[in-house]
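# A closer look at the structure
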Amino acid sequence: VEGLIENKEIRIYPNPVEDYCYVELGFDLEQGEDVLLEVYDFSGRKVSAEQSKSRITKLSTGILPQGVYIVTAKTKSKSVNAKIVKK
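Not measured: the values here are computed from a predicted model.

The rules behind the values
Residues numbered from 1 in each chain as written. Predicted model: local features only at pLDDT ≥ 70, side-chain atom pairs only at ≥ 80, totals over all residues. Heavy atoms only, no water. Pairing = 2+ DSSP bridges. Helix = DSSP H or I, 4+ residues; strand = E, 2+ residues; numbered from the N terminus. Axes fitted to C-alpha atoms, helices over the stretch in contact; angles between N-to-C directions. Buried < 20%, exposed > 50% of the residue type's maximum accessible area, 1.4 Å probe, protein only.

### Regarding the sheet that holds strand β4 (residues 46-52)
The four strands are arranged β4-β3-β6-β7 in an open sheet whose pairing can be described as antiparallel. With partners counted over all chains shown, the strands left at the sheet margins are β4 and β7 (79-86), one partner each. Within this sheet the neighbouring strands show an average axis-to-axis angle of 20°, counted without direction. Of the strand pairs in this sheet, strand β3 (residues 35-41) and β4 are connected by six bridges, and their pairing is antiparallel. When the bridges of β4 are listed, Glu-38 appears paired with Ala-49.

### Structural notes on the sheet that holds strand β5 (residues 56-60)
Pairing between the strands of a sheet comes from backbone hydrogen bonds, and it takes one of two forms, parallel or antiparallel. A sheet is described by the order of its strands in space; here three strands give the open sequence β1-β2-β5, paired in antiparallel fashion. Looking at the sheet topology across the chains shown, the edges are occupied by β1 (10-13) and β5. Averaged over all adjacent pairs, the angle separating strand axes in this sheet is 25°, with direction ignored.

### Examining the side chain of Asp-41
Looking at where Asp-41 falls in the secondary structure, it is placed in strand β3. With relative accessibility at 13%, the residue Asp-41 sits in the buried group.

### Remarks on unusual backbone geometry
Generally, phi is negative for residues other than glycine and the peptide bonds are trans, each holding for most cases. With an omega of -10°, the peptide bond between Tyr-13 and Pro-14 qualifies as cis. With an omega of 15°, the peptide bond between Asn-15 and Pro-16 qualifies as cis. Note that Pro-16 resides in the loop between β1 and β2 (20-25).

Shown next as structure tokens:
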């Protein structure tokens, strides 16, 4: 049942992605708090990482080969992830 409930703490659009996507966090960042956005391929290898201070971040995906990836957003107190598909 849990797999059917949409994760409201992270939203990625458009998905499937092409050259970029937007990562939107469903929670507020504390003032001055950074979020680390990491992209992993399905073998668990980190393929990109980016820091942001915003709830909505434009993430470049143009260099990624076609496939399925996991995007992880980490703050000091929270870590959430979502799957994206690269066309």
